[in-house]
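Topology and contacts: notes
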Amino acid sequence: MSNIAIFASGSGSNAEQIIRYFSGNPEHAVKLILSNNANAYVLERAKNLSVPSFVFDRQTFYNAHKVLDLLREAEIDIIVLAGFLWLVPDYLLVTFPQRIINIHPALLPEFGGKGMYGARVHEAVIREGRKKSGITIHLIDEEYDRGNILFQAECPVLPGDTPDDLASRIHQLEHRYFPETINSYLENLGPLSYSAQIPTDKI
Ligand code: GRF
């Protein structure tokens, strides 16, 4: 049994797909939605799907224990980043080793890294004349977009595509593959032990 927390900053269409995919699953469940954006539509989706949510500001996220306390209370085993735009702090990387999964809307290692998010990714792919793009589902480490890749899927970039056209093609791939990739990863994962001490310099 794994409990999942989803971090999201925006619309949350992936978060919704993941919640729906696991609802009624006896093994795994989405227990919590966390966001840095009080106006994010993902909060509305969470409410409609009866998943508790929590909004934090920068200070709370980077300098306080509140987020960690919430994750512990909900006995979260794995964190899913579904359109989450802030860098994940060390204390979460240390507490959730190999247990933070991100989705990136391009074929890493290309078109990743600092500043590469949302429409910028698709603009860059089109500007460089690529014939294909896709999705990458990967674990995260200290550097964004660099951890072990769990899954990739490709789609074409068509002549005349706008960034929005490409984004919607990529969203379809994400919705199709993100929940099941999480599910497969969970099959080989036991519950998280919170007993490990977090070094104080990581908090
Ligand atoms: C997705 O394209 C994801 O790859 C990226 O942010 C977008 C989030 O979309 N990291 P949504 O909020 O799930 O609709």
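Only a predicted model underlies this, so the values are computations on that prediction, with no experimental measurement involved.

Using the criterion set out here, one finds six salt bridges in the structure. For Arg169, the salt bridge identified is with Asp161, shortest N-O distance 2.7 Å. Each member of the pair, Arg169 as well as Asp161, carries the same accessibility label: buried. Members of the salt-bridge network, linked through shared partners, are Glu16, Arg20 and Arg45.

For the rest of this paragraph, the subject is the packing of aromatic side chains. For the structure on display, the rule yields 12 aromatic pairs. Taking the centre distance of 6.1 Å and the plane angle of 50 degrees together, the rings of Phe7 and Phe56 count as tilted. Taken together, the residues Phe7 in strand E1 (residues 2-7) and Phe56 in the loop between strand E3 (53-55) and helix H3 (58-63) connect sequence positions 49 residues apart. Pair check on accessibility: Phe7 and Phe56 agree, each one buried. Taking the relative accessible area as the measure of exposure, Phe56 reaches 3% and is therefore buried.

Here we come to the pairing of strand E5 (residues 100-104). The element E5 is extensively covered by neighbouring structure, given that five of its five residues are classed as buried. The alternating pattern of E5 places Ile100, Asn102 and His104 and Ile101 and Ile103 on opposite faces, both of which are buried. Judged from the three bridges that link them, strand E4 (residues 78-81) and E5 form a sheet pairing that is parallel. Across the sheet, Ile79 pairs through a bridge with Ile100, a residue of E5.

Further remarks concern the environment of Glu180. Tracing the chain through its elements places Glu180 in helix H7 (residues 163-187). A sequence separation of 98 residues divides Glu180 from Ala82, and the C-alpha atoms of the two residues are 14 Å apart.

The next point concerns the site of the ligand. Around the ligand, the surrounding shell consists of Ser11, Gly12, Ser13, Asn14, Gly83, Ile103, His104, Pro105, His171 and Glu174. One of the side-chain nitrogen or oxygen atoms of His171 is found 3.0 Å away from an oxygen atom of the ligand. In the model, an oxygen atom of the ligand is placed 2.3 Å from a nitrogen or oxygen of the Glu174 side chain. Burial of the ligand by the surrounding chains reaches 84%, relative to a free accessible area of 370 Å². Secondary structure elements with two or more residues in the shell around the ligand: helix H1 (13-22), E5 and H7. Its residues placed into classes, the shell around the ligand shows two nonpolar, seven polar and one charged.

Thresholds, definitions, all that
- Residues numbered from 1 in each chain as written.
- Predicted model: local features only at pLDDT ≥ 70, side-chain atom pairs only at ≥ 80, totals over all residues.
- Heavy atoms only, no water.
- Salt bridge = Lys/Arg side-chain N within 4 Å of Asp/Glu carboxyl O.
- Buried < 20%, exposed > 50% of the residue type's maximum accessible area, 1.4 Å probe, protein only.
- Phe/Tyr/Trp six-rings, centres within 6.5 Å; stacked < 30°, edge-to-face > 60°.
- Helix = DSSP H or I, 4+ residues; strand = E, 2+ residues; numbered from the N terminus.
- Pairing = 2+ DSSP bridges.
- Near = heavy atom within 4 Å.
- Polar contact = N/O pair within 3.5 Å; in protein donor to acceptor, adjacent residues only side chain to side chain.
- Areas by Shrake-Rupley, 256 points an atom, 1.4 Å probe, with all protein chains shown as cover.
- Nonpolar A, V, L, I, M, F, W, Y, C, P; charged D, E, K, R; others polar.

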